[in-house]
Amino acid sequence: MHKKIKNERTIRHRPGPNSDQFELKLFEFFNKFYQKNLIDEISGGPSNKMETGQQIDLSFLYGNYVFIFEAKNRSQPNIKQAMQDLRTREELVKSNYIQHYKTDGIVVPVLAIGNSLSEFPGNNPFTPSIIAMGYQFRWLTIDDIVYFENLMKVYGYEYTLTTLMADIFNIKKIIGNEDIKIPAIKTQRFGKTMYTFQLPA
């Protein structure tokens, strides 16, 4: 059953008011893009299972990309367990959801951490033993969310989402069948390489 929210696009599932605060913040951050028709089928909270039988903290579609998030709050996040959970859910989404609802879908698993990188030794939440697991996924921290919220205030929703997809998820916006090449300023922020650029209206 779809849940109607006044003056908003329809959202099937969303975190309740008593949900983890970081999970709520993560949902509301991406919901801003959803309300501008820049992403589709956003869903979150305990009822969001995507045919897996397990909670998917946040999911949405961006073109043929199917994003699934595992969100961990500030209180001693168990990164290794979170990665294992995310891997399990990714495989379940591929086998149970993709084959029935989005056959051309590419699953993008994301670990979202409600901590600043400065809170981890060496500004890296991933220990050698975790890295040795060899699991390919993307990750997003509270630092990233704050940075892109500020970018949104200056450059707007579409530019911010395009930049976020390129910088964090390595997904470039394609127009027609050609990449757009434009000059950009390369900077280092929170241990990640960022590119700042402007697109003509």
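Rules used in this analysis
- Every residue gets a number counted from 1 within its own chain, in the order that chain's sequence is written.
- Totals for whole chains, interfaces and linings use all residues, but because this is a predicted model, local features are given only for residues with pLDDT of at least 70 and pairs of side-chain atoms are given and counted only at 80 or more.
- Water and hydrogen atoms were dropped before computing side-chain values, which therefore reflect all heavy atoms in the structure.
- A run of H or I in DSSP becomes a helix once it reaches four residues, and a run of E becomes a strand once it reaches two; helices and strands are each numbered from the N terminus.
- Under the scheme applied here, a residue whose accessible area is under 20% of the maximum for its type counts as buried, over 50% as exposed, and between as partly exposed, the area being computed with a 1.4 Å probe on protein chains only.
- Fitting one axis to the seven residues ending at a residue and another to the seven starting there, the bend at that residue is the angle between the two axes.
- Strands are treated as partners if at least two bridges between them are detected by DSSP.
- Between N-to-C directions, angles span 0 to 180 degrees; the directions come from axes that are lines fitted to C-alpha atoms, helices contributing only their stretch in contact.
- Helix crossings fall into two classes, left-handed where the near helix is turned counterclockwise from the far one by less than a right angle and right-handed where it is turned clockwise.
- What makes two residues a contact is simply this: any of their non-hydrogen atoms within 4.5 Å.
- When residues are grouped by polarity, Ala, Val, Leu, Ile, Met, Phe, Trp, Tyr, Cys and Pro land in nonpolar, Asp, Glu, Lys and Arg in charged, and all others, Gly among them, in polar.

Student: Looking at this model, I keep getting lost on unusual backbone geometry. Mind explaining?
Tutor: Backbone geometry follows two general trends: most residues other than glycine have a negative phi, and most peptide bonds adopt the trans configuration. The phi dihedral of methionine 50 falls on the positive side, at around 50°, and the residue is not glycine. Topologically, methionine 50 is positioned in the loop between β1 (40-44) and β2 (58-62). In this structure methionine 50 comes out as buried when scored by relative accessible area, which is 12%. Of note in the backbone geometry, glutamate 51 takes a positive phi value of approximately 65° without being a glycine.

Student: Can you help me understand helix α2 (residues 79-101) in this one?
Tutor: Side chains that are three or four residues apart share a direction in an α-helix, a result of its 3.6 residues per turn. Maximum bend of α2: about 35°, positioned at valine 93. If you check which residues of α2 are buried, you get Ile79, Ala82, Met83, Leu86, Arg89, Glu90, Val93, Tyr97 and Ile98.

Student: Explanation requested: the pairing of strand β6 (residues 185-189) in the structure shown.
Tutor: Regular strands show a simple pattern: their side chains alternate between the two faces of the sheet. Counted residue by residue, β6 has zero buried out of five residues, so it is predominantly exposed. As defined by bridge partners, β6 adjoins strand β7 (residues 192-196) across five bridges and the pair is classed as antiparallel. The partner of lysine 186 across the bridge, within β7, is tyrosine 195.

Student: Looking at this structure, how should I read the packing of helix α4 (residues 142-155) against helix α5 (residues 157-169)?
Tutor: It is the contact of α4 with α5, at a shortest axis distance of 8 Å, that shows an interaxial angle of 145°. Here α4 runs over α5; the crossing is right-handed. Where α4 abuts α5, its residues Asp144, Phe148, Leu151, Met152 and Tyr155 lie against Tyr157, Tyr159, Thr160, Thr163, Leu164, Asp167 and Ile168. Considered class by class, the residues forming the contact of α4 with α5 number eight nonpolar, two polar and two charged.

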